[in-house]
Amino acid sequence: MLCGCGLLQKTILVRRWVGRVSGNAGRAMAKSKFEYVRQFEADDTCLQNCWIVVRLDGRNFHKFAEQHYFTKPNDDRALQLMNRCAQSVMLELEDITIAYGQSDEYSFVFNKKSNWFKRRASKFMTHVVSQFATSYVFYWKDYFSDQPLLYPPGFDGRVILYPSNQNLRDYLSWRQADCHINNLYNTVFWALALQGGLTKVQAQERLRGTLSADKNEILFSEFNINYNNEPLMYRKGTVLVWQKVNEIATKQINLSEGSEDKEVKRTRSEVTLLHCDIIGQQFWKEHPEILADDN
Ligand SMILES: Nc1nc2c(ncn2[C@@H]2O[C@H](COP(=O)(O)OP(=O)(O)OP(=O)(O)O)[C@@H](O)[C@H]2O)c(=O)[nH]1
Ligand SMILES: [Mg+2]
């Protein structure tokens with residue numbers, strides 16, 4: 001029977017063996033005349049020996065937070081949901097050595113030697129963002145049991161390459177410093193607005209030109225809040241690292257006279273959440289494996 005689609009009849013099949021694909025062994029791989037369009041795909045291979053960072057950020061989360069009644073300035077449920085999604089990304093994808101998150105953003109650092117998807121930037125970025133976004137919807141109800149998800153949230157993503165360990169540390173320090181600056185501002189701003197009775201415009205005016213010390217002073221003298229006692233997750237953000245844990249497992253051993261259970265020691269790596277300083281030396285001294293060459 002003739003096919004109604006003229007295009008199909010005109011398709012020129014190149015009858016030559018172009019290789020065997022597992023599961024397809026024995027079948028010729030046909031190439032159509034359209035195959036050339038593949039050459040238009042840009043080469044986005046990440047430079048060798050560089051740390052690959054993917055940062056994602058919630059789209060229009062100012063509005064999203066309002067519409068889902070996030071508490072101000074920090075909503076534990078929202079932050080913990082972000083951390084759960086980041087954990088899913090670390091567990092499901094390959095070669096992520098450390099992740100750092102705050103507010104509606106998360107950064108994932110892939111090993112500089114990673115050869116995942118031949119280091120294609122678009123693969124890194126799209127896998128991270130899609131895994132994170134689907135996790136956000138999937139785990140939503142575990143954190144917001146009384147608040148339905150009103151519409152699908154979106155996240156943007158970008159890839160940044162850092163050629164040196166110092167550059168990578170400075171990048172993470174930059175994000176943590178940003179967390180500190182924003183959180184201190186937001187803590188005073190919402191204290192002035194929610195407890196101090198100022199309008200948002202008045203609170204903004206009050207804070208114009210103030211330094212860190214001034215903000216700490218307002219919090220302490222007017223609201224009896226010692227900023228240093230605020231939860232670490234708010235002040236430092238969240239760091240995800242791999243940690244080795246020893247465990248005892250039961251293994252069945254087959255013997256000629258039957259089988260017996262034996263306890264064996266084994267080491268497993270799991271994702272651990274930390275809310276600590278990553279700007280100073282201490283963290284990096286305690287976790288030398290993160291920057292190790294053979295990681
Ligand atoms: N109330 C509340 N709001 C939060 C919380 N975490 C994030 N947000 C909101 O999310 C925003 C994140 O900032 P941005 O990423 O710069 O702003 P955005 O609205 O997401 O805009 P784009 O990222 O440019 O799309 C903050 O300004 C807050 O409005 C939270 O724990 N509580
Ligand atoms: Mg955002």
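Residues numbered from 1 in each chain as written. Chains lettered and ligands numbered in written order. Predicted model: local features only at pLDDT ≥ 70, side-chain atom pairs only at ≥ 80, totals over all residues.

K.L.:
Even after reading the chapter, I still don't get the nonpolar core, so can you show me in this structure?
P.N.:
One recurring pattern in soluble globular proteins is that nonpolar side chains are buried together. Formed by 39 residues in total, the largest nonpolar core has its most connected members in Ala99, Phe108, Val109 and Val128. Every element with two or more residues in this core is listed here: strand E1 (51–58), helix H3 (76–92), strand E2 (96–102), strand E3 (105–110), helix H4 (121–143), helix H5 (165–195), helix H8 (232–236) and strand E5 (238–255). Among all residues touching alanine 99, those that are not within four sequence positions of it are Ala86, Met90, Tyr106, Ser107, Phe108, Val109 and Leu240. In terms of nonpolar packing, the next biggest core, distinct from the first, is built from six residues, Phe189, Ala191, Leu192 and Ile218 among them. (Core = buried A, V, L, I, M, F, W, Y, C linked by C-beta atoms within 7 Å. Buried ≥ 20, exposed ≤ 12 C-beta atoms within 10 Å, placed from the backbone. Helix = DSSP H or I, 4+ residues; strand = E, 2+ residues; numbered from the N terminus. Contact = placed C-beta atoms within 7 Å.)

K.L.:
Would you mind showing me how to read the sheet that holds E5 here?
P.N.:
The strands making up a sheet associate through backbone hydrogen bonding, with each pair oriented either parallel or antiparallel. On the basis of which strands lie adjacent, the open sheet formed by six strands has the order E4-E1-E3-E2-E5-E6 and antiparallel pairing. With partners counted over all chains shown, the strands left at the sheet margins are strand E4 (155–162) and strand E6 (258–274), one partner each. Across the sheet, the mean angle separating the axes of adjacent strands is 20 degrees when strand polarity is ignored. Packing of H3 onto the sheet brings it into contact with E2, E3, E5 and E6, and relative to E2 it is tilted by some 165 degrees. (Pairing = 2+ DSSP bridges. Axes fitted to C-alpha atoms, helices over the stretch in contact; angles between N-to-C directions.)

K.L.:
Looking at this structure, I do not really get the pairing of E6. What am I missing?
P.N.:
For a regular strand, side-chain orientation follows a simple rule: the groups alternate between the two sheet faces. Counting buried residues along E6, only one of its 17 residues qualify, which leaves the element largely exposed. When E5 meets E6, the two strands line up antiparallel, connected through 17 bridges. Of the residues in E6, the one forming a bridge with threonine 250 is glutamate 263. Taking the residues between adjacent antiparallel strands as the criterion, E5 and E6 are bridged by two residues.

K.L.:
Whenever I open this one, the environment of phenylalanine 110 confuses me. Can you help?
P.N.:
Along the polypeptide, phenylalanine 110 turns up in strand E3. The class for phenylalanine 110 is buried, based on 23 C-beta atoms found within 10 Å. Separated by 15 residues in the primary sequence, phenylalanine 110 and aspartate 95 have C-alpha atoms spaced 5.4 Å apart. The contacts of phenylalanine 110, once residues within four sequence positions are left out, are Ile52, Asp95, Ile96, Trp116 and Phe124.

K.L.:
Help me understand the site of ligand 1 in this model?
P.N.:
In the vicinity of ligand 1 there are 16 residues, among which Phe61, His62, Ala65, Phe70 and Asp75 approach most closely. It is helix H2 (residues 61–67) that provides the largest number of residues to the shell around ligand 1, a total of three residues. Class assignment for the residues of the shell around ligand 1 results in six nonpolar, five polar and five charged. (Near = placed C-beta within 6 Å. Nonpolar A, V, L, I, M, F, W, Y, C, P; charged D, E, K, R; others polar.)

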